[in-house]
Amino acid sequence: MAAKAYMTDKSDQLVVVVHGTSSTEALSKKELIDIYMGRFKNFPNGSTATPIDYFKGSNQRKAFYQLLVGKSERKIDAYWSRLLFSGRATRPNKATSVAEIQQELQQNPSAIAYINAANVTEEMKIVYQFD
Amino acid sequence: MKLSVRISLVIFLLSLAISTVFASFNYYYQLKAATQQYQELTTQLATSAVNTAGIAAYLIDTELAQEVVDGLTANDLIASASITISSEELTISAGESKASRQKIEAVIRNPFIEDDIIGLLEVLPNVEFIELQASSASLENAYLLMGLSFIIAVAVGLYVRMKLTYPLKALADAVSLIDTDKPEAITPINTGYKHNDEIMALSQKTNSLISALKIQFLSERELREATEELQKRFRLLFEQATAGIGLLDSQGKISIANPAFQSLFGSDVEGLNFANLFESPKLVKKQISLLSASSGVSQVNIDLVLLNGTEKRYLHCLFSSIQDTRLNTRAESEQLVEVIVYDVTDRKKQEAKARYEADHDSLTGLLNRRSGAQKLNELLLKQHNEKQLFALMMIDLDKFKPINDTHGHDTGDLVLQNISRQVQELSHKYESVIARWGGDEFVVGLAFKDAEFLPIFTEELIEKISTEIEVNSELSVQVGASVGVIVLRAEQEASLDMLISKADDLMYETKKQKAKRYTIVDF
């Protein structure tokens, strides 16, 4: 139902974007999960991936994880808390605002982030769309 | 073994057996349940670890995986655990891995993609530990059950002892105290038991039996005493009886004899044949044989003479046939003979004396006129039968009356006695009868063969009569005799009266002729 709502209003729909120069053109959902949940630190083609997350409590973050793995924000935080002492996986960096994400995406060619479709600029490349 | 101990022991053994069986069943059931429970626990542990294992496998985080398996094996229930990460073909394990059928396997899924299986969690339960735990828990249960059984057995045993065996024992003791030798001292038993139940009923029934027995005891004793008294009297009757009483068996042997019987026949007569005690056993046996059931004769009596040394005993014997009623069957019943013996010797003697006195002259001891006539008749009959001569002599004393008048009757009596003795001494040698016929008259009957004998005898007779008799030292007297003799030949017959009359006539004729002293004439 939620997905349906996003489809009607394209501007509110979350999309996953990378730096415009990135060699990665598209990602599967599984590849996206592996990057965001800390399994892999690279894109499938081998280039480093730096996932960027929203600050805790933001609507985009809640919506993103719900769409990506079907889990609440709290559960995702608990997942990372569990891995706090392991050090094998590292959680994505947290941005405090959309502007900060945009800036990061411009500055860091390995960056990957999720934003509202309305906020996509020309320097960004959409690699995944939620349907 | 005492009843109370036995009951307690049986209850204990029964409850021990039952509790052992139940404890065994319980043990195995508990063991199974505990094993299952521990396995469920193990499964739950594995299940709770599978999420973290999933994360570790997902991230290929071997440290985390190691942490998970270490955490699992730290539990006593788990022997070993391992996480296999499929994509890396990597296995992280902890604990001692053993081949076991009870291996618990849980698939490790991608934490974010449900369909994606990324590994396997294997957990081996610590079977020995689980069994040990389950077994100790079950054993504890079993011991508890058996202990409980023991306590219940002891409690039931004590209760039974208190409520059943004690009252029963009290009753048994009271009954065993009864002295059956002293029935009059028996009193109803009282154990003080108050509950109205079977024991009370038993006690009451025992009392009624006791009182019934007591009555029977006493009445039987009374009867026995009465019988003994009666027996004593019978015995007295038997032993003190003046008549001899004996019992003869079917062979005629003496089986019982009373003292009177023994005094007649001897003290050791029992076992001897009664008939053989007498001189003519055949006669006695014949009399006894008359007593048979078929003849219908139940009593016979016989007078017997017993020669006891030189003494003659006259016995009156009464034989009665009796049946031994103590023997039931007819075949066994024996023909017994009771013999009652009266000693009639004294009576016989008295009778003989009376008869003698009746027959004889008291002064001279000769036959008197009445019995003399009877004896003469007998002799006369005998003479006739034996073809002998017979002489009847009539003797009359001469010069007797003057002696009687002059010297008194005593002297006369003495003379008569003397003459009688002389005549008796003479005629005693022959077949004769002498009787005193009157005051100084005598009759002699004589049977003989030779005719020449008669005058010799007559003369000797007169000679004897005429012998001087010394009355005392100063007086001697002498009498004479006139004798008439009538002789009857063998073929002749005559009555005694006629002969007496003829002899009397002859005697008077002789007396008239002073010179002649006797006359003998043939009839």
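Please refer to the structure placed before this passage.
Residues numbered from 1 in each chain as written. Chains lettered and ligands numbered in written order. Predicted model: local features only at pLDDT ≥ 70, side-chain atom pairs only at ≥ 80, totals over all residues. Heavy atoms only, no water.

Asker: I'd like a description of the overall build of chain B, backed by residues and values.
Answerer: Regarding its fold elements, chain B presents 12 helices and 16 strands. Since a compact globule built from 523 residues should have a radius of gyration of about 24 Å, the 69 Å found for chain B marks it as more spread out than a globular shape. Taking the principal axes of its C-alpha atoms as reference, chain B extends roughly 210 × 50 × 40 Å. Expressed as a percentage of its 523 residues, the buried residues of chain B come to 38%. If you take every contact in chain B between residues at least 6 apart in sequence, the share linking residues at least 24 apart comes to 60%. Per element, the accessible surface of chain B, about 31,200 Å² overall, is 54% carbon and sulfur. Positive and negative side-chain charges in chain B, numbering 51 and 71 respectively, have mean positions lying 14 Å apart. (Helix = DSSP H or I, 4+ residues; strand = E, 2+ residues; numbered from the N terminus. Rg over C-alpha atoms; globule rule 2.2 N^0.38 Å. Buried < 20%, exposed > 50% of the residue type's maximum accessible area, 1.4 Å probe, protein only. Contact = heavy atoms within 4.5 Å. Areas by Shrake-Rupley, 256 points an atom, 1.4 Å probe, with all protein chains shown as cover. Lys, Arg positive; Asp, Glu negative; His and termini not counted. Charge placed at Lys NZ, Arg CZ, Asp CG, Glu CD.)

Asker: Please provide a residue-by-residue account of the layout of surface pockets, values included.
Answerer: Taken as a whole, the largest pocket encloses approximately 480 Å³ of empty space. Of all the secondary structure elements, the ones that give two or more residues to the lining of the largest pocket are α4 (73–82) of chain A together with α1 (3–59) and β3 (104–109) of chain B. Among the elements that take part in the lining of the largest pocket, α4 of chain A stands out by supplying 5 residues, more than any other. (1 Å grid on protein atoms, 1.4 Å probe; cavity = no way out; pocket = protein on both sides within 12 Å on 5 of 7 lines; lining within 4 Å. Points joined across faces, edges and corners; volume = space filled by probe spheres on them.)

Asker: Please provide a residue-by-residue account of the packing of aromatic side chains, values included.
Answerer: For the structure shown, the criterion picks out 21 aromatic pairs over all chains. Ring geometry for Y79 of chain A against F112 of chain B: centres 5.0 Å apart, planes inclined by 85 degrees, an arrangement best described as edge-to-face. With Y79 of chain A in helix α4 and F112 of chain B in the loop between β3 and β4 (117–125), this pair bridges two chains. For Y79 of chain A, a relative accessible area of 6% translates into the label buried. Ring pairing ties together the aromatic residues Y36, Y54, F64, Y65, Y114, Y128 and F130 of chain A, which thus form one cluster. (Phe/Tyr/Trp six-rings, centres within 6.5 Å; stacked < 30°, edge-to-face > 60°.)

Asker: Tell me about the pairing of strand β2 (residues 90–95) of chain B, and name the residues and values.
Answerer: Residue and element names in this part refer to chain B. Pairing between strand β1 (residues 78–85) and β2: 6 bridges, direction antiparallel. Looking at the pairing, T84 lines up with T91 of β2. Between β1 and β2, which pair antiparallel in sequence order, lie 4 residues; one of them, E89, sits at a positive phi of approximately 50 degrees. (Pairing = 2+ DSSP bridges.)

Asker: I'd like to hear about helix α8 (residues 369–386) of chain B, residue by residue, with values.
Answerer: Residues and elements named next belong to chain B. A rise of 1.5 Å per residue sets the reference length of α8, with its 18 residues, at 26 Å; its end C-alpha atoms lie 25 Å apart and thus fit the reference within 8%. Burial in α8 covers these residues: S371, G372, L376, L379, L380 and Q383. Where α8 is buried, its residues touch α7 (345–359), β10 (389–398), β11 (431–436), β12 (441–448), β15 (480–488) and α12 (496–512). Of the residues trailing α8, K387 is marked for its positive phi of about 55 degrees. (Expected span 1.5 Å × (residues − 1).)

Asker: Tell me about unusual backbone geometry, and name the residues and values.
Answerer: Residue and element names in this part refer to chain B. With a phi angle near 50 degrees, I60 is a residue other than glycine that sits in the positive phi range. Relative to the helices and strands, I60 is located in the loop between α1 and α2 (62–73). Phi is positive for K399, which is not a glycine, with a value near 60 degrees. Relative to the helices and strands, K399 is located in the loop between β10 and α9 (400–407).

Asker: Describe in detail the pairing of β3 of chain B, supporting the description with residues and values.
Answerer: Residue and element names in this part refer to chain B. Burial of the side chains of β3 is restricted to one face: I104, A106 and I108 are buried, whereas none of E105, V107 and R109 on the reverse face is. Sheet topology places β3 next to β4; 6 bridges connect them, and they run antiparallel. Of the residues in β4, the one forming a bridge with R109 is I117.

Asker: Go over the sheet that holds β15 of chain B, please, and point to the residues and values.
Answerer: Residues and elements named next belong to chain B. Spatially, β11-β12-β10-β15-β16 is the arrangement adopted by the 5 strands of the open sheet, whose pairing is mixed. In this open sheet, the two edge strands, each paired with only one partner strand, are β11 and β16 (518–522). Going from strand to strand, the sheet's axes swing by 15 degrees on average, the running direction of each strand aside. Packed onto the sheet, helix α10 (residues 409–427) meets β10, β11 and β12 and runs at close to 165 degrees relative to β11. (Axes fitted to C-alpha atoms, helices over the stretch in contact; angles between N-to-C directions.)

Asker: Account for the packing of helix α3 (residues 59–69) of chain A against α4 of chain A, with residues named and values stated.
Answerer: For any two helices packed against each other, one specifies the inter-axial angle together with the distance between the axes. Residues and elements named next belong to chain A. Taken N-terminus to C-terminus, the directions of α3 and α4 make an angle of 80 degrees; their axes are 9 Å apart at the nearest point. Compared by their axis directions, α3 and α4 come out roughly perpendicular. Of the residues in α4, those touching α3 at R61, K62, Y65 and V69 are E73, I76 and D77. A per-class count over the contact of α3 with α4 returns 3 nonpolar, no polar and 4 charged. (Parallel < 35°, antiparallel > 145°, perpendicular 65-115°, else oblique. Nonpolar A, V, L, I, M, F, W, Y, C, P; charged D, E, K, R; others polar.)

Asker: Give a description of the environment of D12 of chain A that names residues and reports values.
Answerer: All names here are of chain A. With respect to the secondary-structure elements, D12 resides in the loop between α1 (2–8) and β1 (14–19). Look at D12 and you get partly exposed, because its relative accessible area is 39%. Here the alpha-carbon distance between D12 and A118, two residues 106 residues apart in the chain, equals 6.6 Å.

Asker: So, the sheet that holds strand β3 (residues 93–95) of chain A: which residues are in play, and what are the values?
Answerer: All names here are of chain A. Spatially, β3-β2-β4-β1-β5 is the arrangement adopted by the 5 strands of the open sheet, whose pairing is mixed. Either end of the sheet is taken by a strand with one partner, and the two such strands are β3 and β5 (124–129). The mean angle between the axes of side-by-side strands here comes to 35 degrees, regardless of whether they run parallel or antiparallel. Relative to β3, strand β2 (residues 50–54) runs parallel, the two sharing 3 bridges. Along β3, the bridge assignment pairs D53 with K94. Here helix α2 (residues 29–36) sits on the sheet in contact with β1, β2, β4 (111–116) and β5, set at roughly 110 degrees to β4. Sheet strands in contact with helix α5 (residues 98–107) are β1, β2, β3, β4 and β5, and its direction is about 145 degrees off that of β4.

Asker: Give a detailed account of the side chain of D249 of chain B, specifying residues and quantitative values.
Answerer: Residue and element names in this part refer to chain B. Position of D249 among the secondary structure elements: in the loop between β5 (244–248) and β6 (254–257). Despite its burial, D249 pairs with no opposite charge; the closest candidate is K253, at 6.0 Å N-O. Engagement of the side chain of D249 in a polar contact is seen with the backbone nitrogen of Q251, the distance being 3.0 Å. At 2.8 Å, the side chain of D249 and the backbone nitrogen of K253 are in polar contact. (Salt bridge = Lys/Arg side-chain N within 4 Å of Asp/Glu carboxyl O. Polar contact = N/O pair within 3.5 Å; in protein donor to acceptor, adjacent residues only side chain to side chain.)

Asker: How would you summarise the interface of chain A and chain B if you had to cite specific residues and measurements?
Answerer: The interface is formed by 14 residues belonging to chain A together with 14 residues belonging to chain B. Of the roughly 1,400 Å² buried where chain A meets chain B, counting both sides, 62% is carbon and sulfur surface. At the junction of chain A with chain B, the criterion picks out 0 salt bridges. For the pair chain A and chain B, the interface holds 3 residue pairs in polar contact (both at pLDDT 80 or more). Mapped onto the side of chain A that touches chain B, the elements with two or more residues apiece are α2 and α4 of chain A. With 3 residues, the single largest contributor to the side of chain A that touches chain B is α2 of chain A. The residue inventory of the side of chain A that touches chain B, partitioned by class, reads 6 nonpolar, 2 polar and 6 charged. (Buried area = accessible area lost by both parts, 1.4 Å probe.)

From the geometry alone we can't say anything about function, so treat these as descriptive.
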